Amino acid sequence: MNISSRVIAIILSLLVAGVLTTLALVGPTMSLQQGVLAAGITVAACFLLLYLMFEALIFREINSIYASLENVKRKEFRKMSSKFLFRPEPLKRMRDEIVDMAERKQKEIDELKRLQALRREFLADVSHELKTPIFAAQGFLHTILDDEDVDDFTRQRFLRKAANSLDALDTLVQDLVTISQLEKGVVRMRRQGFDIVALVHDIFEQLELKAAQRSVRLELFPPELPATGIRVLADRNRIRQVLINLIDNAIKYGRENGHVIVSLVESGKSVRVSVRDDGAGIPKQHLNRIFERFYRIDKSRSRDSGGSGLGLAICKHIIEAHKSTIRVQSEIGQGTSLEFKLIKPKTPLAPTAKAVGEEEAEA
């Protein structure tokens with residue numbers, strides 16, 4: 001039987017009122033000794049009644065609290081009682097506060113466990129990525145040192161391979177430093193007004209040879225752009241880094257004899273930039289993790305074919321530092337599209353002012 005404290009208070013009030021009314025009616029006919037005895041019996045009865053009823057109420061609420069905590073331990077939050085915005089009963093308020101606190105702590109524990117798992121995965125990945133070029137360089141160098149009869153041609157070839165491995169190691173370390181600085185907010189974006197159309201054409205020329213190796217066409221959309229270009233306000237070098245990475249990935253994972261389209265669409269005070277390929281697409285279970293450090297969709301890919309998995313993580317942090325978000329859309333067999341927005345300058349710069357502004361920003 002579920003009786004609230006308000007109902008118990010009403011019952012007690014009626015009982016006490018009944019007892020007092022009875023005493024008032026029969027009191028004048030009692031002697032002094034009978035009146036004192038009746039008063040003592042009344043006080044004892046009221047005390048016992050109050051004690052038993054409130055004791056039962058408190059124990060009932062405490063048992064309910066323990067039951068709720070057990071549900072929290074089993075993560076069965078749906079079995080807990082409904083919460084209201086206002087409860088006059090203090091014990092029920094206390095129970096709800098304990099349950100809310102327990103639920104928050106459980107979520108924090110689950111999040112800490114998730115972060116710990118990611119940390120272990122990150123340490124394993126970074127150890128593997130650092131170990132690969134180090135072992136490669138060690139192998140080539142020790143081969144030369146251990147074999148005195150190595151001819152000059154082989155020595156030069158092994159030294160060149162060792163140097164390439166160390167260069168790859170240096171690039172990996174620099175990427176790790178860049179991500180760490182971006183996460184801490186140490187790297188400041190040097191915003192300046194520049195023509196993003198000219199930047200895309202420059203990147204197309206840089207990646208033209210790589211695209212030709214896979215017979216991929218690099219296209220800019222829309223074909224008819226303003227003669228003055230499209231100006232954005234951003235860190236030109238960082239946006240260049242983002243676009244190179246996105247376009248390079250689109251060439252690498254897109255379909256051979258296909259095309260990569262970079263779209264620039266002005267919308268109010270911003271410009272929407274998207275890079276789209278016509279490759280195999282990304283499965284849905286991977287979409288939320290492609291921006292994590294060292295995450296690879298195909299774990300069997302080597303570092304040369306699949307990259308280290310740091311590029312998209314760096315892109316994400318650079319775009320977020322520009323107060324924007326990079327979004328991904330992908331369908332199996334239909335390709336992948338990544339897009340973000342950049343704001344436009346409030347006032348277009350004159351040619352002379354543009355040059356001065358860009359020189360000051362780069363200084």
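This text gives an overview of the structure that appears in the document.

About the cut-offs
Residues numbered from 1 in each chain as written. Predicted model: local features only at pLDDT ≥ 70, side-chain atom pairs only at ≥ 80, totals over all residues. Heavy atoms only, no water. Pairing = 2+ DSSP bridges. Helix = DSSP H or I, 4+ residues; strand = E, 2+ residues; numbered from the N terminus. Axes fitted to C-alpha atoms, helices over the stretch in contact; angles between N-to-C directions. Contact = heavy atoms within 4.5 Å. Buried < 20%, exposed > 50% of the residue type's maximum accessible area, 1.4 Å probe, protein only. Core = buried A, V, L, I, M, F, W, Y, C linked by side-chain atoms within 4.5 Å.

Spatially, the five strands line up as an open sheet ordered β2-β4-β5-β7-β6, and their pairing is mixed. Looking at strand neighbours, the two that pair on one side only are β2 (217-221) and β6 (327-331), the edges of this open sheet. Averaged over all pairs of adjacent strands, the angle between their axes in this sheet comes to 15°, without regard to strand direction. The pairing of strand β4 (residues 259-267) with strand β5 (residues 270-276) spans seven bridges and is antiparallel. Note on β5: the bridge partner recorded for glutamate 266 is valine 271. Each of β2, β4, β5 and β7 (335-343) is contacted by helix α5 (residues 196-206), which is oriented at about 175° to β2, the strand it contacts most.

This next bit is on the environment of serine 180. Residue placement: serine 180 occurs in helix α4 (residues 152-184). Taking the relative accessible area as the measure of exposure, serine 180 reaches 29% and is therefore partly exposed. In this structure, the C-alpha to C-alpha distance between serine 180 and histidine 317, residues 137 residues apart in sequence, is 9.9 Å.

Turning to the nonpolar core, a few remarks are in order. Ile196, Leu243, Leu246, Ile247, Leu264 and Phe340 are the most contacted members of the largest nonpolar core, which has 52 residues in total. Counting residues per element, the ones that place at least two in this core are α4, α5, β3 (231-235), α7 (236-253), β4, β5, α10 (311-321) and β7. Ranked by residue count, the leading element in this core is α7, at eight residues. Among residues more than four places away in sequence, those in contact with leucine 243 are Leu199, Val200, Ile203, Val273, Val275 and Phe340.

Everything listed here is a matter of coordinates, which is why it stays silent on function.
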